[in-house]
Amino acid sequence: MGRKSIKENKTAYQLAREAKNLTREAAEDLMTYVSADRIEKIESEKTLPHPEEILAMADAYKAPDLCNYYCTHECPIGQKFIPQVKLKDLSQITLEMVASLNAMEKEKNRLIEITVDGKITDDEMNDFKNIQTRLDEITIAIESLKLWVQKAIAEGNLAEE
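Just so you know, the residues in each chain are numbered from 1, in the order the chain's sequence is written. pLDDT decides what is reported in this predicted model: residues at 70 or higher carry local features, side-chain atom pairs at 80 or more are listed and counted, and totals for whole chains, interfaces and linings draw on all residues regardless. Side-chain descriptors were evaluated using all non-hydrogen atoms of the structure, hydrogens and water having been removed beforehand.

**What about unusual backbone geometry?**
Excluding glycine, most residues fall at negative phi; most peptide bonds, likewise, are trans.
So, step 1. The phi torsion at E45 lies on the positive side, around 60°, for a residue other than glycine.
So, step 2. Among the structural elements, E45 can be located in the loop between helix 3 (36-43) and helix 4 (51-60).
So, step 3. Phi at K62 takes a positive value of approximately 55°, unusual for a residue other than glycine.
So, step 4. Think of it this way: any DSSP run of H or I at least four residues long counts as a helix, any run of E at least two long counts as a strand, and we number them from the N terminus. With respect to the helices, strands and loops of the structure, K62 is situated in the loop between helix 4 and helix 5 (65-73).
So, step 5. Buried, partly exposed and exposed residues are distinguished by accessible area as a fraction of the type maximum, computed with a 1.4 Å probe on protein chains only: under 20%, between the cut-offs, and over 50%, respectively. For K62, a relative accessible area of 35% corresponds to the partly exposed category.

Structure follows, in structure tokens:
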């Protein structure tokens, strides 16, 4: 049996493993091709993980949020195009989503006015950027809800159908 880490600045990967009370050896047993040595190198940031390893960890640790973490922190493409999503309570996700949708309802007509001619003029740009921000908020709320569902399925609290 491995010993508990007392390291202060633990990576998300180590925190996820430890949240399930798994040693690296026990985690290795849950993953087909990720060794305890490889897990140690990833957790100590001696090496960058491969996407397949993150998928295996997310599955073994029942932590689908590791995939979003990897994409937004390790992958240059994800860093540019994927919003960072944090696990939240369902009630908080729902309230944020409703608030974002309500705010967007007010912006909907302005978006139509701006885009009806297929051009965005200089005097429309500020409004368009504000609308884009609202759309980003909705995207994050949707991704948060999807992550919550994935976590609930992984933990057996929700049927996959």
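**A short note on the nonpolar core**
So, step 1. Buried residues of nine kinds, namely Ala, Val, Leu, Ile, Met, Phe, Trp, Tyr and Cys, make up a nonpolar core once their side-chain atoms join them within 4.5 Å. Y13, M31, I39, I54, M57, Y61 and L66 are the most contacted members of the largest nonpolar core, which has 17 residues in total.
So, step 2. The contact partners of L66, leaving out residues within four places of it in the chain, are A12, Y13, A16, I54, M57, A58 and Y61. By definition, residues are in contact when any of their heavy atoms lie within 4.5 Å.

**A word on the state of the cysteines**
So, step 1. In plain terms, two cysteine sulfur atoms within 2.5 Å form what is called a disulfide here. Going through the model one piece at a time under the given rule, you end up with 0 disulfides.
So, step 2. Free cysteine: C75, not disulfide-bonded; nearest cysteine sulfur from C71 at 5.7 Å.

**Examining the pattern of salt bridges**
So, step 1. Here a salt bridge means any side-chain nitrogen of Lys or Arg lying within 4 Å of a carboxyl oxygen belonging to Asp or Glu. Tallied over the entire structure, the rule returns 14 salt bridges.
So, step 2. Taking the shortest distance from any N to any O, the salt bridge between E53 and R38 comes out at 2.5 Å. Highlighted residues: E53 in helix 4 and R38 in helix 3, separated in sequence by 15 residues. For the pair shown, E53 and R38 are each scored as buried.
So, step 3. Here the salt bridges share partners, and the residues they tie into one network are K10, R17, E18, R24 and E43.

**A look at the packing of helix 1 (residues 12-19) against helix 5**
So, step 1. Axis lines are fitted to C-alpha atoms, over the contacting stretch for helices. Their N-to-C directions set the angle, which ranges from 0 to 180 degrees. Their axes nearest at 10 Å, the elements helix 1 and helix 5 cross at an angle of 170°. As far as their axial angle goes, helix 5 and helix 1 are roughly antiparallel. Residues A12, Y13 and A16 of helix 1 lie in contact with helix 5, whose contacting residues are L66, Y69 and Y70. Here roughly perpendicular refers to angles of 65 to 115 degrees, roughly parallel to angles under 35, roughly antiparallel to angles over 145, and oblique to all remaining angles.

**Digging into the packing of helix 1 against helix 3**
So, step 1. Where helix 1 meets helix 3, the axes come as close as 8 Å, and the angle between the chain directions of the two elements is 125°. Looking at the two axes, helix 1 sits oblique to helix 3. Along its contact with helix 1, which presents Y13, Q14 and R17, the element helix 3 presents I39, I42 and E43.
So, step 2. Lys, Arg, Asp and Glu make up the charged group, whereas Ala, Val, Leu, Ile, Met, Phe, Trp, Tyr, Cys and Pro make up the nonpolar group; the residues left over, Gly among them, are polar. Looking at side-chain class alone, the contact of helix 1 with helix 3 contains 3 nonpolar, 1 polar and 2 charged residues.

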